[in-house]
Amino acid sequence: MATRRSNSIQAKLVLLGDMGTGKTSIVLRFVKGQYFDCQESTIGAAFFSQVLSLNEATVKFDIWDTAGQERYHSLAPMYYRGAAAAIVVYDISSTDSFIKAQRWVRELQRQGNPYLIMALVANKVDLESKRKIEHEEGLQYAQDHGLFFIETSAKTAENINELFYEIAKRLAKSQ
Ligand code: GDP
Ligand code: MG
């Protein structure tokens, strides 16, 4: 749900994707500017809050970082219900994580919120030598399904701020 007071927007944002793709690392990079090589697995979900100022508006993100394991799958709707934006993450070095990401996209599209802003994020681009999913493949899937696509690295911080700015801009525009 995105609610607006004057030019201030509050938006629920959810991160989905296979375990180990870097969801928590992306959020910590964005919220705290930090990165940890051995990030502990998330249990259930974790909540973060961060404000981004654009020229036209201030966006306050209420971020739900979900766990990704199958055994937590049934909890996911609690986190994406009422969300204004969703970030679906895969790891460019894992074909399986790309397949899982597509499942999440299908699930989100099935729940039928036409206003949901969805980003497909190909993380770990610093692992270029281990790449299994080409940029083109991710981009093509995203375009075919009406998603915004970006390649990131939580490790090097590449495109992390750009990801959240783009979502914030789309939220501001859709108000
Ligand atoms: P989550 O389960 O999706 O929340 O993934 P985590 O954020 O816990 O990350 C899983 C592992 O991948 C951790 O060891 C992270 O340090 C590592 N990781 C996360 N993002 C990146 C990245 O951009 N590049 C590399 N090389 N490793 C990453
Ligand atoms: Mg996590």
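Each chain has its residues counted from 1, running along the sequence as written. Whichever chain is written first becomes A and whichever ligand is written first becomes 1, with later ones labelled in order. Confidence filtering applies because this is a predicted model: local features only for residues at pLDDT of at least 70, side-chain atom pairs given and counted only at 80 or more, and all residues used for totals across whole chains, interfaces and linings. Side-chain measures here rest on the full set of heavy atoms in the structure, leaving out hydrogens and waters.

Let me state the cut-off plainly: UniProt positions are given in the numbering used here, feature names are shortened, and annotations may be inferred rather than shown by experiment.
By the naming in an unreviewed UniProt entry, the protein chain is Ras-related protein RHN1 isoform X2, taken from Canna indica. We quote the UniProt Subcellular location (unreviewed entry) comment for the protein chain here in full: "Endomembrane system". Per its UniProt entry, the protein chain bears the Sequence similarities (unreviewed entry) comment "Belongs to the small GTPase superfamily. Rab family."

## What about the coordination of the magnesium ion (ligand 2)?
Note the following rule: Coordinating donors are taken to be N, O and S atoms lying within 2.8 Å of the metal, or within 3.2 Å when the metal is Na, K or Ca; because water is excluded from the atom set, some sites may appear incomplete. Helix numbering and strand numbering both begin at the N terminus, where a helix is a DSSP run of H or I of at least 4 residues and a strand a DSSP run of E of at least 2. Burial here depends on accessible area, computed with a 1.4 Å probe over protein chains only, as a share of the maximum for the residue type. Under 20% is buried, over 50% is exposed, and the range in between is partly exposed.
Bound to the magnesium ion (ligand 2) on the protein side are T24 (OG1) and T42 (OG1), at distances that span 2.1 Å. Within this pair, whereas T24 is found in helix α1 (residues 23–32), its partner T42 is found in the loop between α1 and β3 (45–53), the two being separated by 18 residues in sequence. The same class applies to T24 and to T42, which are both buried.

## Here we look at the pairing of β3
For clarity, the threshold we go by: What makes two strands pair is DSSP finding at least two bridges between them.
Sheet topology note: the β3/strand β4 (residues 58–66) ladder contains nine bridges and is antiparallel. Counted as the bridge partner of A45 is T66 from β4. Taking the residues between adjacent antiparallel strands as the criterion, β3 and β4 are bridged by four residues.

## Things to note about the nonpolar core
Note the cut-off: Take the buried residues of types Ala, Val, Leu, Ile, Met, Phe, Trp, Tyr and Cys, join any two whose side-chain atoms come within 4.5 Å, and each joined set is a nonpolar core. Residue contacts are defined here by distance: any two heavy atoms, one from each residue, within 4.5 Å place the two residues in contact.
The biggest cluster of nonpolar side chains holds 32 residues, and the ones touching the most others in it are F61, I63, I87, L163, F164 and I167. If you list the elements that add at least two residues to this core, you get β2 (8–17), α1, β3, β4, β5 (85–91), β6 (117–123), β7 (148–151) and α5 (160–174). Discounting residues that sit within four places of it in the chain, I87 has contacts with L13, V14, L15, L16, A119, V121, L163, F164 and I167. By size, the runner-up hydrophobic cluster in this structure holds 25 residues, among which are Y80, V105, A122 and V125.

## Quick word on unusual backbone geometry
Trans peptide bonds make up most of the peptide bonds, and negative phi angles are found at most residues other than glycine. Even without being glycine, K124 reaches a positive phi, approximately 70°. Structurally, the position occupied by K124 is in the loop between β6 and α4 (135–144). Note on K124: relative accessible area 23%, which makes it partly exposed. Positive phi, normally seen in glycine, also occurs at A157, with a value near 80°. Mapped onto the secondary structure, A157 falls in the loop between β7 and α5. With a relative accessible area of 31%, A157 lands in the partly exposed category.

## Focus: the environment of S129
For S129, the location among the structural elements is in the loop between β6 and α4. Sequence-wise, S129 and S93 are 36 residues apart; in three dimensions their C-alpha atoms are separated by 8.7 Å.

## Considerations on the site of ligand 1
What counts, and what does not: One heavy atom within 4 Å of a molecule or strand makes the whole residue count as near it. Polar contacts, as used here, are pairs of N or O atoms within 3.5 Å; protein pairs need one atom able to donate a hydrogen and one able to accept it. Residues neighboring in sequence count only if both atoms are side-chain atoms. Throughout, the Shrake-Rupley method with a 1.4 Å probe supplies accessible areas, and for residues the shown protein chains are the sole cover considered. Under the scheme applied here, ten amino acids are nonpolar (Ala, Val, Leu, Ile, Met, Phe, Trp, Tyr, Cys and Pro), four are charged (Asp, Glu, Lys and Arg), and all others, including Gly, are polar.
Ligand 1 sits among 19 residues. The nearest are G20, K23, S25, D37 and D126. Side-chain polar atom of N123 to a nitrogen atom of ligand 1: 3.2 Å apart, as the coordinates give it. Separating an oxygen atom of ligand 1 from a side-chain N or O atom of S153 is a distance of 3.3 Å. Within the complex, the protein chains bury 89% of what would otherwise be the 580 Å² of accessible surface of ligand 1. Top contributing element to the shell around ligand 1 by residue count: α1, with three residues. When its residues are assigned to classes, the shell around ligand 1 shows five nonpolar, eight polar and six charged.

## Concerning the packing of aromatic side chains
We count it as follows: Each pair of aromatic rings taken from Phe, Tyr and Trp, with Trp reduced to its six-membered ring, is defined by centres within 6.5 Å and is described as stacked if the planes are under 30 degrees apart, edge-to-face if over 60, and tilted in the remaining cases.
According to the stated counting rule, one finds seven aromatic pairs in the structure shown. Look at F61 and F164: their rings are 6.1 Å apart centre to centre, the planes differ by 75°, and that puts the pair in the edge-to-face class. Of this pair, F61 sits in strand β4 while F164 sits in helix α5, placing them 103 residues apart in sequence. Judged by its relative accessible area of 0%, F61 is buried. By relative accessible area, F164 is classed as buried at 0%. A centroid spacing of 6.1 Å and a plane angle of 75° characterise the contact between F98 and Y141, whose relative ring orientation is edge-to-face. You can see F98 sitting in helix α3 (residues 95–110) and its partner Y141 sitting in helix α4, a full 43 residues away along the chain. Comparing F98 with Y141 shows no difference in burial state: the two are buried. Every member of this aromatic cluster is reached through a ring pair, and the members are F30, F61 and F164.

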